[in-house]
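# Descriptive structure summary
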Amino acid sequence: MKLITHNMLTSKCLKGVVTGYPLAINATNIKVTEVDFNPEFISRIIPKLDWEVLWRAADSIGHSDGLPQTIEPKFEENSDFLKKAHKVLLEVEIEEGNLVCPESGRRFPISKGIPNMLLTEAEVQ
């Protein structure tokens, strides 16, 4: 699971959960795979992200080195910033572990890079 995906996941469909965001990450296996750098894509996706959640997620798995905690003004003109964002968003991948709902503590397994967010009928609101 890439951190770009994590930034958009929530567990608000669980009974009793209001927000369910951000999900905590408990990673047991992380891999980093080089992906072609596309500054245009990164520039367009950054405004759609919750940057603070992205930074905290990267930090929680040990991949926030050099990544600023806030988005810089005119970030789209800063190649170094875009490359750091690219690495965290598209190259770092959680292969195995769990996502944890911040309100209920419900764990969602991540296996082979895929988060299983399926709920039982009893868990759905």
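Just above sits the structure.
About the criteria used
Residues numbered from 1 in each chain as written. Predicted model: local features only at pLDDT ≥ 70, side-chain atom pairs only at ≥ 80, totals over all residues. Heavy atoms only, no water. Helix = DSSP H or I, 4+ residues; strand = E, 2+ residues; numbered from the N terminus. Rg over C-alpha atoms; globule rule 2.2 N^0.38 Å. Buried < 20%, exposed > 50% of the residue type's maximum accessible area, 1.4 Å probe, protein only. Contact = heavy atoms within 4.5 Å. Polar contact = N/O pair within 3.5 Å; in protein donor to acceptor, adjacent residues only side chain to side chain. Phe/Tyr/Trp six-rings, centres within 6.5 Å; stacked < 30°, edge-to-face > 60°. Pairing = 2+ DSSP bridges. Disulfide = S-S within 2.5 Å.

## Here we look at the overall build of the protein chain
Secondary structure summary: the protein chain contains four helices and four strands in total. Each helix (α) and strand (β) of the protein chain, taken in turn from the N terminus, gives the series α-β-α-α-α-β-β-β. Here the protein chain has a C-alpha radius of gyration of 15 Å; the compact-globule value for 125 residues is 14 Å, and the two agree. Per-residue burial for the protein chain yields a buried fraction of 38% across its 125 residues. Of all intrachain contacts in the protein chain linking residues separated by at least 6 positions in sequence, the fraction that spans at least 24 positions is 68%.

## Focus on the environment of Leu-82
Summarising the element assignment, Leu-82 is placed in helix α4 (residues 79-91). Each residue touching Leu-82, except ones within four places of it in the same chain, is listed here: Phe-37, Pro-39, Ile-42, Ser-43, Ile-46, Phe-75 and Glu-76.

## Points about the side chain of His-86
Following the sequence through the fold, His-86 ends up in helix α4. When its relative accessible area of 4% is taken as the criterion, His-86 is described as buried. At a separation of 3.0 Å, a polar atom in the side chain of His-86 contacts the main-chain carbonyl oxygen of Val-35. Side chain to side chain, His-86 and Glu-91 meet in a polar contact 3.1 Å long.

## Describing the packing of aromatic side chains
Tallied over the entire structure, the rule returns two aromatic pairs. Put simply, the rings of Trp-51, Phe-75 and Phe-81 pair up and form one aromatic cluster.

## Considerations on the sheet that holds strand β1 (residues 24-32)
Strand order in the open sheet formed by four strands is β1-β2-β3-β4, with antiparallel pairing between adjacent strands. With one partner strand each, in any of the chains shown, β1 and β4 (114-115) form the two edges of the open sheet.

## Comments concerning the environment of Asp-36
Within the fold, Asp-36 resides in the loop between β1 and α2 (39-45). When its relative accessible area of 70% is taken as the criterion, Asp-36 is described as exposed. Distance in space between the C-alpha atoms of Asp-36 and Val-100 is 31 Å, their sequence separation being 64 residues.

## Here's the deal with the state of the cysteines
Tallied over the full model, the rule gives zero disulfides. Distance from the sulfur of Cys-101, which forms no disulfide, to the nearest cysteine sulfur (Cys-13) is 11 Å. Since its relative accessible area comes to 2%, Cys-101 is described here as buried.

## A closer look at the environment of Gly-113
Tracing the chain through its elements places Gly-113 in the loop between β3 (107-111) and β4. Residue Gly-113 is classed as buried on the basis of its relative accessible area of 9%. Measuring from C-alpha to C-alpha, the distance between Gly-113 and Glu-96 comes to 6.3 Å, with 17 residues separating the pair along the chain. Setting aside chain neighbours within four positions, we find Gly-113 in contact with Met-1, Glu-93, Ile-94 and Glu-95.

## Observations regarding α4
Taken together, the buried positions of α4 are Phe-81, Leu-82, Ala-85, His-86, Val-88, Leu-89, Leu-90 and Glu-91. You can read the cap of α4 off the contacts: a side-chain oxygen lies 3.1 Å from the backbone nitrogen of Asp-80, and it is on Asn-78.

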